[in-house]
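# Structural features, examined
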Amino acid sequence: MNTREHRALYRGVETYLDGEADPSLAVSVRRHLAACWACSEDAEWLVLIKAALGRIGERRPPDLAVARLARYASTVSDKR
Ligand SMILES: [Zn+2]
């Protein structure tokens, strides 16, 4: 690993993973990821973390207010 290259490109890894790197940075980061264990390991973690964060909205628990309304509606309809 080239330490100077590592320092220069370390912050570019997340930019690259977010798809925000310009073409020349993307080429440099891809080449660096193929050679640098530290950055490639961080990149794998970042990919996993970003994927998990992206799924948070998909796994929302049932809304408590909706459950309370449903329970209230069932008690009201039982009394009629
Ligand atoms: Zn590196």
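Quick summary incoming for the structure in this document. Residue indices begin from 1 for each chain and proceed along its sequence in written order. Where totals are concerned, whole chains, interfaces and linings use all residues; where local detail is concerned, this predicted model gives features only for residues with pLDDT of at least 70, and gives and counts side-chain atom pairs only at 80 or more. Hydrogens and water are ignored here; the side-chain numbers use all heavy atoms of the structure.

### Digging into the overall build of the protein chain
Each helix is a run of H or I in the DSSP string that is no shorter than four residues. Each strand is a run of E no shorter than two, and both are numbered from the N terminus. Along its length, the protein chain carries 4 helices and 0 strands. With C-alpha atoms as the basis for the radius of gyration, the globule rule is written as 2.2 Å multiplied by the number of residues raised to the power 0.38. Relative to the globule expectation of 12 Å for 80 residues, the C-alpha radius of gyration of the protein chain, 24 Å, shows a markedly less compact shape. Scored against the burial criterion, the 80 residues of the protein chain give a buried share of 16%. In this analysis, two residues are considered to be in contact whenever any of their non-hydrogen atoms come within 4.5 Å of each other. Counting only contacts in the protein chain whose residues sit at least 6 apart along the sequence, the fraction spanning at least 24 positions is 46%. Residue exposure ignores everything except the shown protein chains as possible cover, and the areas themselves are Shrake-Rupley values with a 1.4 Å probe. As displayed, the protein chain offers around 6800 Å² of accessible surface, 56% of which is attributable to carbon and sulfur atoms. Taking the 13 positively charged and 11 negatively charged side chains of the protein chain as two groups, their mean positions are separated by 8 Å. We call a residue buried when its accessible area falls under 20% of the maximum for its residue type, exposed when it is over 50%, and partly exposed in between, using a 1.4 Å probe and counting protein chains only. Positive charges are assigned to Lys and Arg, negative charges to Asp and Glu, while His and the chain termini are left out of the count. A single reference atom marks each charge: NZ on Lys, CZ on Arg, CG on Asp, CD on Glu.

### Overview of the nonpolar core
One recurring pattern in soluble globular proteins: nonpolar side chains tend to sit buried together. By nonpolar core is meant a set of buried Ala, Val, Leu, Ile, Met, Phe, Trp, Tyr and Cys residues that side-chain atoms within 4.5 Å join together. Core analysis: the largest hydrophobic core is formed by 7 residues, namely Leu9, Val13, Val29, Leu33, Cys36, Cys39 and Ala43. Counting residues per element, the ones that place at least two in this core are α1 (3-17), α2 (23-35) and α3 (37-55). Apart from residues lying up to four places away in sequence, Cys39 is in contact with His6, Tyr10, Val13, His32 and Leu33.

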